[in-house]
Amino acid sequence: MRVLICEDSVLLREGLVRLLADDGHEVVAALPDATGLAAAVAETTPELCILDVRLPPTWTDEGIRAAIALRQRHPGLAVLVLSQYVEERYASDLIADGQGALGYLLKDRVADVADFLAAVASIAGGATVLDPEVVAQLLTRRRRDERLQSLTERERSVLALIAEGRSNQAIANALFVSEASVEKYITAIFTKLGLEQDETGNRRVIAALVHLGHDTTGATS
């Protein structure tokens, strides 16, 4: 199988090259960043691209965004994403695009060479191989999104103002309603988000984090 690797760590990149070559695969390119990725894919026509999520220059999400772009240009191109964490924002888009075989594995959880090579073979054969932790975190995000969707438009407005750190009185003034109405909205928000009363009294903070997309009641990313 023809494989292209895009990984900024020289040790991991060269290790993957040797590992795949020893297993009988042809590594057609090994790139340190995504700068020349599109051109390299067009020139070398790999059957599988292995990409790190974090690549230069920002080391944030260049790799997974590049994977999405590649599959749009080359439908059917198999992609294996290797990462130290789950990039929730783009991972669900990549998984749902339906453009071909896909893998998303977490580096720290790839504990066995044979398992990794088996995953590569499965992806090459058209399968989707996802680390269980990736699935768990994406399901957590979906549950969080579903809870937010249950809020009314006014409750969403109240939650947005809570996230800005405003008091009940300030929220009432901004929305031209009574403070008692704001308290009812907040109670409804807590109920719909599943935030029960506790001794710490931090439900406003947790609700704000849910609104901002960092749900502390679910899996970490």
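Residues numbered from 1 in each chain as written. Predicted model: local features only at pLDDT ≥ 70, side-chain atom pairs only at ≥ 80, totals over all residues. Heavy atoms only, no water.

In the nomenclature of an unreviewed UniProt entry, the protein corresponds to DNA-binding response regulator, NarL/FixJ family, contains REC and HTH domains from the organism Microbacterium enclense.

Our focus in this paragraph is the nonpolar core. Among the nonpolar cores identified, the biggest contains 30 residues, and Leu4, Leu37, Leu51 and Tyr104 are the most heavily contacted of them. Sort the elements by how many residues they give to this core and helix 3 (residues 62–73) lands first, with five residues. Among the nonpolar cores identified, the runner-up in size contains 18 residues, and Leu151, Ala172, Leu193 and Ala207 belong to it. (Core = buried A, V, L, I, M, F, W, Y, C linked by side-chain atoms within 4.5 Å. Buried < 20%, exposed > 50% of the residue type's maximum accessible area, 1.4 Å probe, protein only. Helix = DSSP H or I, 4+ residues; strand = E, 2+ residues; numbered from the N terminus.)

Inspection of the secondary structure assignment puts glutamate 62 in helix 3. Arginine 65 provides the closest opposite charge to the buried, unpaired glutamate 62, separated from it by 4.8 Å. Dropping the residues within four chain positions of it, glutamate 62 is found in contact with Val53, Leu55, Pro56 and Pro57. (Lys, Arg positive; Asp, Glu negative; His and termini not counted. Salt bridge = Lys/Arg side-chain N within 4 Å of Asp/Glu carboxyl O. Contact = heavy atoms within 4.5 Å.)

Turning next to the UniProt feature "modified residue: 4-aspartylphosphate" (unreviewed entry) in the protein. According to UniProt, the "modified residue: 4-aspartylphosphate" (unreviewed entry) feature falls on Asp52. Residue placement: aspartate 52 occurs in strand 3 (residues 48–52). Not counting residues up to four positions away in its chain, the partners in contact with aspartate 52 are Cys6, Glu7, Asp8, Gly63, Ile64, Leu82, Ser83 and Lys107. (UniProt positions renumbered as here; feature names shortened; annotations may be inferred.)

Attention now moves to the packing of helix 2 (residues 37–44) against helix 3. The interhelical angle for the contact between helix 2 and helix 3, taken along N-to-C directions, is 40°, at an axis separation of 11 Å. Classed by the angle they form, the pair helix 2 and helix 3 counts as oblique. Handedness of the helix 2/helix 3 crossing: right-handed. Only Ala66, Leu70 and Arg73 of helix 3 make contact with helix 2, whose side of the interface consists of Leu37, Ala38 and Val41. When its residues are assigned to classes, the contact of helix 2 with helix 3 shows five nonpolar, no polar and one charged. (Axes fitted to C-alpha atoms, helices over the stretch in contact; angles between N-to-C directions. Parallel < 35°, antiparallel > 145°, perpendicular 65-115°, else oblique. Left-handed = near helix turned anticlockwise from the far one by under 90°. Nonpolar A, V, L, I, M, F, W, Y, C, P; charged D, E, K, R; others polar.)

For strand 3, a buried count of five out of five residues is recorded, marking the element as mostly surrounded by other parts of the structure. Alternating positions in strand 3 separate into two faces, Leu48, Ile50 and Asp52 on one and Cys49 and Leu51 on the other, with burial throughout. In this sheet, strand 3 lies alongside strand 1 (residues 2–6) in parallel orientation, the contact comprising four bridges. Opposite leucine 4, over in strand 3, you have cysteine 49 as the bridge partner. Bridge analysis of strand 3 against strand 4 (residues 78–83) gives five bridges, and the strand direction is parallel. Of the residues in strand 4, the one forming a bridge with aspartate 52 is leucine 82. (Pairing = 2+ DSSP bridges.)

Moving on: unusual backbone geometry. Cis geometry marks the peptide bond from proline 56 to proline 57; its omega dihedral reads 10°. Tracing the backbone through its elements, the reader meets proline 57 in the loop between strand 3 and helix 3. One non-glycine residue with positive phi stands out, namely threonine 45, at about 45°. Mapping threonine 45 onto the fold places it in the loop between helix 2 and strand 3. With a phi angle near 60°, phenylalanine 176 is a residue other than glycine that sits in the positive phi range. Relative to the helices and strands, phenylalanine 176 resides in the loop between helix 8 (168–175) and helix 9 (179–192).

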